[in-house]
Amino acid sequence: FRTNLINSITGFKSVSLVGTFNNNRETNLAIISQIIHIGANPPLIGLLFRPNVVVRHTLENILASECFTINHIKRDFLKQAHHTSARWSESEFTTCGLAEEYLDDFSAPYVKESSIKLGCTLAETMDVKSNGTHFIIGAIEHLHAPDTFIGSDGFVDLEAAGTVTCSGLDSYHQTKKIARYTYAKPEYEPKEV
C-alpha cells in the first residue's frame with residue numbers, strides 16, 4: 001500500500017526507454033519513470049535509479065560507457081516497453097520485440113519505434129545518501145524528432161508525437177492539453193498561446 005501510495009501521489013511523470021550497452025557491446029533497454037529536466041543551457045536531463053540491491057544493468061552501463069539514449073514511449077509499443085522492466089538475461093530489444101537504431105555515429109542504441117529520441121553523454125553522478133538511490137545527469141548531445149512535432153518557438157507537441165506518461169510504477173496515460181500561457185510577469189496578465 002505505502003509503495004503504491006508514495007509512487008503515485010506525486011502525480012504524472014515522464015516515462016521513457018533508456019538504451020545502453022555494456023563492455024561486450026551487448027545492448028540493454030529499460031523503462032525509466034524518474035526522468036527530469038535539469039536545465040536548457042546547457043541542455044541537461046536527470047535520471048534517478050533505485051539502490052543497487054540487485055544488478056542495475058542500465059546504471060552500470062551508463063557509468064561504464066558514459067552514454068545512453070532516452071526514447072519516448074508511444075501507445076502502440078507500450079506493452080513491450082513495460083515488459084523491459086522484467087529481469088531479462090539477454091537484451092530487452094530482442095526479448096521485448098523492439099528494434100535497435102543507431103544514428104549520428106552515436107554509440108548507444110535508440111529505439112527505432114520511438115518518435116522522440118535523445119542521445120546523452122554522462123555529465124555527473126550523485127549518490128543520494130538518505131535512501132541509497134543514484135542520480136545521473138546527462139548532457140543532451142542529439143535530438144531526433146520529426147519537424148511536425150516541434151513548433152516555430154521550439155515547443156514540442158507531445159500529444160502529436162503520441163508520447164505517453166505514467167503514474168506510479170505501472171499505470172500509463174495519454175494527455176490532453178488544456179492551455180499554454182505566455183511567460184508570467186507581475187506587470188502582465190498571462191495570455192493563452
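As a starting point, this report considers the structure included with it.

Basis of the calculations
- One numbering rule holds for all chains: residues counted from 1, following each sequence as written.
- Local features are withheld for residues below a pLDDT of 70 in this predicted model, meaning they are given only at 70 or higher, and side-chain atom pairs are given and counted only at 80 or more; totals for whole chains, interfaces and linings count all residues.
- For the side-chain quantities, the full set of heavy atoms in the structure was used; hydrogens and water were omitted.
- Think of it this way: any DSSP run of H or I at least four residues long counts as a helix, any run of E at least two long counts as a strand, and we number them from the N terminus.
- In this treatment the radius of gyration is a C-alpha quantity, and the globule benchmark scales as 2.2 Å times the residue count to the 0.38 power.
- Partly exposed describes any residue whose relative accessible area lies between the buried limit of under 20% and the exposed limit of over 50%, with all areas from a 1.4 Å probe on protein chains only and scaled to the type maximum.
- We call two residues in contact when some of their heavy atoms are within 4.5 Å.
- Note that accessible areas follow from Shrake-Rupley with a 1.4 Å probe, and for residues the cover is restricted to the protein chains shown.
- DSSP bridges decide pairing: two strands pair if at least two such bridges lie between them.
- Any N or O atom pair separated by 3.5 Å or less is treated as a polar contact, with the protein-specific requirement of one donor-capable and one acceptor-capable atom, and with residues adjacent in sequence counted only for side-chain atom pairs.
- Put simply, two rings from Phe, Tyr or Trp (the six-membered ring, in Trp's case) pair if the centres are within 6.5 Å, and we call them stacked under 30 degrees between planes, edge-to-face over 60, tilted for the rest.
- Only Lys NZ and Arg CZ are tested; either one counts as a charge over a ring when it is within 6 Å of the ring centre and within 35 degrees of the ring normal.
- Between N-to-C directions, angles cover 0 to 180 degrees, with each direction set by a line fitted to C-alpha atoms, over the stretch in contact for helices.

Some remarks on the overall build of the protein
- Regarding its fold elements, the protein presents 5 helices and 12 strands.
- Since a compact globule built from 193 residues should have a radius of gyration of about 16 Å, the 17 Å found for the protein is in line with a globular shape.
- Its C-alpha atoms put the protein at 55 × 40 × 30 Å along the principal axes.
- Counting every position in the protein, which comprises 193 residues, the buried fraction comes to 38%.
- Considering only contacts within the protein whose residues lie at least 6 apart along the sequence, 59% involve residues at least 24 apart.
- Carbon and sulfur atoms form 52% of the exposed surface of the protein, whose accessible area is close to 11,800 Å².

What about the sheet that holds strand E12 (residues 171–173)?
- Across the sheet, which stays open at both edges, the 3 strands sit in the order E1-E11-E12 with antiparallel pairing between neighbours. In this open sheet, the two edge strands, each paired with only one partner strand, are strand E1 (13–14) and E12.
- Where E1 and strand E11 (residues 165–167) come together, 2 bridges link them in antiparallel fashion. Paired with Lys 13 across the bridge in E11 is Cys 166.

Quick notes on the environment of Thr 69
- Positionally, Thr 69 belongs in strand E6 (residues 67–72).
- Residue Thr 69 is classed as buried on the basis of its relative accessible area of 0%.
- Residues contacting Thr 69, with those up to four places away along its chain left out, are Leu 17, Val 18, Gly 19, Phe 106, Ala 108, Pro 109, Tyr 110, Leu 118 and Gly 119.
- Looking at Thr 69, its side chain comes within polar contact range of the main-chain oxygen of Pro 109, at 2.6 Å.

Some details on the packing of aromatic side chains
- A full pass over the atoms with the stated rule returns 1 aromatic pair.
- With centroids separated by 6.1 Å and ring planes inclined at 40°, the aromatic side chains of Phe 106 and Tyr 110 adopt a geometry described as tilted. Across the pair, Tyr 110 and Phe 106 agree in class, each one buried.
- The ring centre of Phe 21 lies 3.9 Å from the NZ or CZ of Arg 25, which sits over that ring.
- The residue whose ring lies beneath Arg 180 is Phe 155, and the NZ or CZ to ring-centre distance is 3.9 Å.

Topic: the sheet that holds E6
- Taken together, 7 strands build an open sheet; the order of strands is E3-E2-E6-E9-E10-E5-E4 and the sheet is antiparallel. At either margin of the open sheet sits one strand with a lone partner, and together these are strand E3 (27–32) and strand E4 (35–40). Along the sheet, successive strands turn relative to each other by an average axial angle of 35°, direction set aside.
- Pairing between strand E2 (residues 16–21) and E3: 6 bridges, direction antiparallel. Across the sheet, the residue bridging to Thr 20 is Asn 28, located in E3.
- In the packing of helix H2 (residues 57–65) onto the sheet, contacts are made with E2, E3, strand E5 (43–49), E6, strand E9 (117–128) and strand E10 (133–144), and the angle to E2 comes to roughly 55°.

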